[in-house]
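# Structure assessment
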Amino acid sequence: MNDQRLIHLVDDDEAVRHSASFMLRHAGFLVKTYADGVQFLACAKDADPGCVLLDVQMPHMDGLEVQERLNEIGVAFPIIVLTGHGDVEVAVKAMKAGAVDFVEKPYEKQTLVDAIARAFDRMDARSLKDVLSDEAKGRVERLTPREKDVLVGLVDGFTNKMIAETLDISPRTVEIHRANLMEKLDATSLSGVLRIAFAAGIGMERSQ
């Protein structure tokens, strides 16, 4: 079994991708490269866990937008933002949104490797429960307010009819919301919906 750490390198500059991936592989990491944020987001949900090196200045979507989207879909990989010299405001925004660190370009090898080490330390410190909770919360955030209302009703053990009466809507409307929320949660059954809801903390406050 290969126990090398995986780096997801997202940068639109081909020269940077080539040089950085060569340097990181030489330092003992596995590296997957992506030409822009859109390409990375297309496979992020199914990607193997690893550290994300995320360039800020990219076409189509900048690094902060990619980071925001990752948060929305519940991908909780540690992120290191790669910024241009003097982009302090950008770096602060990234850190507030959950980035582990930022590294200014052009960067020294040891500076980048040290930041990556800190990122993996954070990932190791997170329990599986924490990871699952973040992923579940990210999925729940996709729901509309009304879909969340229906989800709460399901957590409370209500039938579609009972939820309809509580929310003063028709049972058919509840069925539509229920089908939509199951699709957004990537759940194929009620038990799957409940597992995600409980992992996200929905209903847990009423059980304590």
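Higher on the page you've got the structure.
Predicted model only: the values in this text are computed from it and were never measured. (Residues numbered from 1 in each chain as written. Predicted model: local features only at pLDDT ≥ 70, side-chain atom pairs only at ≥ 80, totals over all residues. Heavy atoms only, no water.)

### Considerations on the sheet that holds strand β5 (residues 101–104)
- Across the sheet, which stays open at both edges, the five strands sit in the order β2-β1-β3-β4-β5 with parallel pairing between neighbours. Looking at which strands have only one partner, the edges of the open sheet turn out to be β2 (30–34) and β5. Between one strand axis and the next, the sheet turns by 20 degrees as a mean value, whatever way the strands run.
- In this structure, strand β1 (residues 6–10) lies alongside β2, joined through five bridges in parallel fashion. Its bridge partner being in β2, Val10 is matched across the sheet by Tyr34.
- Those strands touched by helix α3 (residues 63–73) are β3 (51–55) and β4 (79–83), and its axis lies near 145 degrees from that of β3.
- Along the sheet, helix α5 (residues 109–125) makes contact with β1, β3, β4 and β5, crossing β5 at roughly 170 degrees. (Pairing = 2+ DSSP bridges. Helix = DSSP H or I, 4+ residues; strand = E, 2+ residues; numbered from the N terminus. Axes fitted to C-alpha atoms, helices over the stretch in contact; angles between N-to-C directions. Contact = heavy atoms within 4.5 Å.)

### Here's the deal with the side chain of Ser133
- The residue Ser133 is located in helix α6 (residues 128–140) in this model.
- A distance of 3.2 Å separates a polar side-chain atom of Ser133 from the backbone oxygen of Ala199. (Polar contact = N/O pair within 3.5 Å; in protein donor to acceptor, adjacent residues only side chain to side chain.)

### Notes on helix α7 (residues 145–155)
- For α7, the complete set of buried residues consists of Glu147, Val150, Leu151, Gly153, Leu154 and Val155.
- Where α7 ends, the next residue or the one after it, Gly157, has phi of about 85 degrees, a positive value. (Buried < 20%, exposed > 50% of the residue type's maximum accessible area, 1.4 Å probe, protein only.)

### Digging into the layout of surface pockets
- The volume enclosed by the largest pocket comes to roughly 410 Å³.
- Around the largest pocket sit 21 residues that line it, and Ala47, Pro49, Phe77, Val131 and Glu135 are the ones nearest its centre.
- When residues of the lining of the largest pocket are traced back to their parent elements, those giving at least two are α5 and α6.
- If you tally residues by element for the lining of the largest pocket, the top one is α6, at three residues. (1 Å grid on protein atoms, 1.4 Å probe; cavity = no way out; pocket = protein on both sides within 12 Å on 5 of 7 lines; lining within 4 Å. Points joined across faces, edges and corners; volume = space filled by probe spheres on them.)

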